[in-house]
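Given next are the chains, with one letter for each unit.
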Amino acid sequence: MKIEQAHRLKALPPYLFAEIDRMKAEVAARGVDIISLGVGDPDLPTPGHIIERMKRAVENPRHHQYPSYEGMPAFREAVSSWYRQRFGVILDPAREVVSLIGSKEGIAHTPLAFVNPGDVVLCPDPGYPVYSIGTIFAGGEVHLMPLLEENGFLPDLDAIPEEMRKRARLMFLNYPNNPTSATATKEFFEQVVQFAKRYNFLVCHDAAYTEVYFDDKAPPSFLEVPGASDVGVEFHSLSKTYNMTGWRIGWVCGHADAISAIGRIKTNIDSGIFQAVQEAAIEALTSDQEPVAELRRIYQGRRDLAREFLTKMKLRFTPPEASFYVWARTPSGLSSAQFVGRVLTETGVVLTPGNGFGKYGEGYFRISLTVNEERLSEAFSRIEKLKW
Ligand SMILES: *Cc1c(COP(=O)(O)O)cnc(C)c1O
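What comes next concerns the included structure. (Residues numbered from 1 in each chain as written. Predicted model: local features only at pLDDT ≥ 70, side-chain atom pairs only at ≥ 80, totals over all residues. Heavy atoms only, no water.)

A separate point is the overall build of the chain. When helices and strands are counted, the chain shows 14 helices and 12 strands. Relative to its length of 388 residues, the chain is compact, with a C-alpha radius of gyration of 21 Å against a globular reference of 21 Å. Principal axes of the C-alpha set define a box for the chain whose edges measure 60 × 55 × 55 Å. Relative to its 388 residues, the chain shows a buried fraction of 56%. Of all intrachain contacts in the chain linking residues separated by at least 6 positions in sequence, the fraction that spans at least 24 positions is 75%. (Helix = DSSP H or I, 4+ residues; strand = E, 2+ residues; numbered from the N terminus. Rg over C-alpha atoms; globule rule 2.2 N^0.38 Å. Buried < 20%, exposed > 50% of the residue type's maximum accessible area, 1.4 Å probe, protein only. Contact = heavy atoms within 4.5 Å.)

Let us now look at the site of the ligand. Not every one of the 14 residues close to the ligand is listed here, only the nearest: Asp206, Tyr209, Ser237, Ser239 and Lys240. One nitrogen or oxygen atom from the side chain of Asn178 is found 2.9 Å from an oxygen atom belonging to the ligand. The side chain of Arg248 places a nitrogen or oxygen atom 2.7 Å from an oxygen atom of the ligand. Protein chains shield 94% of the accessible area of the ligand, which is 390 Å² for the free molecule. Of the residues that constitute the shell around the ligand, the class distribution is 4 nonpolar, 6 polar and 4 charged. (Near = heavy atom within 4 Å. Polar contact = N/O pair within 3.5 Å; in protein donor to acceptor, adjacent residues only side chain to side chain. Areas by Shrake-Rupley, 256 points an atom, 1.4 Å probe, with all protein chains shown as cover. Nonpolar A, V, L, I, M, F, W, Y, C, P; charged D, E, K, R; others polar.)

Ranked by internal contacts, the top residues of the largest apolar core, which has 62 residues, are Phe75, Tyr83, Met171, Leu238 and Trp251. Elements that contribute at least two residues to this core include exactly helix H3 (48-58), helix H4 (73-87), strand S3 (120-125), strand S5 (168-174), helix H8 (186-199), helix H9 (228-231), strand S8 (250-254) and helix H11 (275-286). Both domains that furnish three or more residues to this core are identified here as domain 1 (7-45 + 291-384) and domain 2 (48-286). Ile34, Ala328, Ala379 and Ile383 belong to the second-largest nonpolar core, a separate cluster that totals 39 residues. (Core = buried A, V, L, I, M, F, W, Y, C linked by side-chain atoms within 4.5 Å. Domains from an automatic or database assignment.)

For Arg303, the position within the fold is in helix H12 (residues 290-312). Owing to a relative accessible area of 2%, Arg303 belongs among the buried residues under this scheme. At 3.3 Å, the side chain of Arg303 forms a polar contact with the side chain of Asp215. One polar contact links the side chain of Arg303 to the main-chain carbonyl oxygen of Pro320, over a distance of 2.8 Å. Apart from residues lying up to four places away in sequence, Arg303 is in contact with Phe214, Asp215, Pro320 and Leu369.

What follows covers the sheet that holds strand S6 (residues 202-206). Strands sit in the order S2-S8-S7-S6-S5-S3-S4 across an open sheet of 7 strands; the sheet is mixed. This sheet does not close on itself; its edge strands, each paired only once, are strand S2 (97-100) and strand S4 (141-146). If you compare each strand with its neighbour and ignore which way they point, the axes differ by 25° on average. Strand direction decides the pairing type here: S6 and strand S7 (residues 232-237), joined by 4 bridges, are parallel. Each bridged residue has a counterpart across the sheet, and for Cys204 the counterpart in S7 is Val233. Each of S5 and S6 touches H8; the most contacted strand, S5, lies at about 170° to it. (Pairing = 2+ DSSP bridges. Axes fitted to C-alpha atoms, helices over the stretch in contact; angles between N-to-C directions.)

As structure tokens, this is what we get:
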């Protein structure tokens with residue numbers, strides 16, 4: 001029997017990292033020592049006190065049953081107090097916060113709550129692929145907003161055609177940005193609030209990297225801007241801040257009606273997060289934040305190494321103020337795939353081709369700072385030996 005896939009699966013964009021995966025397997029089979037600066041997954045372990053709290057929580061039989069769907073009240077209170085301390089944003093834990101099984105899950109499901117077939121969703125290009133994929137699954141139409149270097153990798157709101165503004169139900173934004181590492185100013189967020197009000201769409205800001213910043217320049221939350229909680233929600237996650245990508249916990253907060261709609265989708269799809277994991281997350285959010293400061297120091301050291309390397313290579317890039325990515329132009333006008341392919345086959349270093357994040361990523365590559373300084377230096381010195 002031939003199994004026919006649904007139109008929504010056929011409508012997905014091609015997986016552009018397949019070629020890299022194939023080449024990587026080939027290089028590894030030759031016995032080359034691979035250094036992966038490809039994936040956005042922190043290399044460092046979850047801080048010990050969080051693990052200890054989890055160990056204790058696992059023993060509690062109360063946590064062995066179905067969790068509370070929208071998140072334990074204590075978890076939502078921890079999120080609310082963390083937002084107040086970090087951003088000065090006041091959130092009602094009962095109505096303005098919902099737990100997510102990682103922010104990816106929430107982002108992917110959000111269009112189901114707001115998008116009817118044929119509605120438009122504004123998505124950044126280059127960008128995290130889940131924004132457009134969630135849109136396609138909901139039957140929506142993606143309108144791409146180019147993130148261009150000359151605009152500091154912020155979308156040009158004036159360039160969005162009138163028809164798309166009117167048909168838009170959602171706009172996805174992500175600052176500090178993956179893959180470009182750009183940060184947004186409050187002035188930009190203020191413009192977004194005015195724009196969203198005027199055209200009546202919900203802003204979905206993905207804030208996964210707000211805690212990974214350098215030189216003491218803490219990036220803002222979208223919700224800090226006046227009027228933002230009237231037009232938007234913000235996705236956040238413990239994944240990057242506390243090295244907890246494997247634990248699967250995050251949240252979405254902001255506009256109460258929007259949060260309630262996302263919650264309704266979720267209660268019909270999943271049954272919440274293992275409460276022991278929620279306990280561990282409460283520990284992470286409410287205990288001493290020194291481990292996060294230490295994490296920033298580590299990434300900053302790696303960022304500095306990448307800056308030296310790219311400067312020496314004479315490649316165009318903006319030194320990141322946040323995130324653990326560096327986004328740079330390929331040398332000699334090479335395409336993303338040509339450059340990344342040669343680096344991989346000739347040095348065993350895995351980089352991510354920029355075009356994998358969208359067509360406006362063509363001509364760029366991304367470095368993930370997720371290996372230690374020794375390995376990073378080794379990777380850079382191998383690449384420096386190549387001639388372009
Ligand atoms: C890593 C990342 C996330 C976080 O994903 P989780 O599902 O919370 O682990 C969200 N958005 C972007 C852009 C990311 O890079």
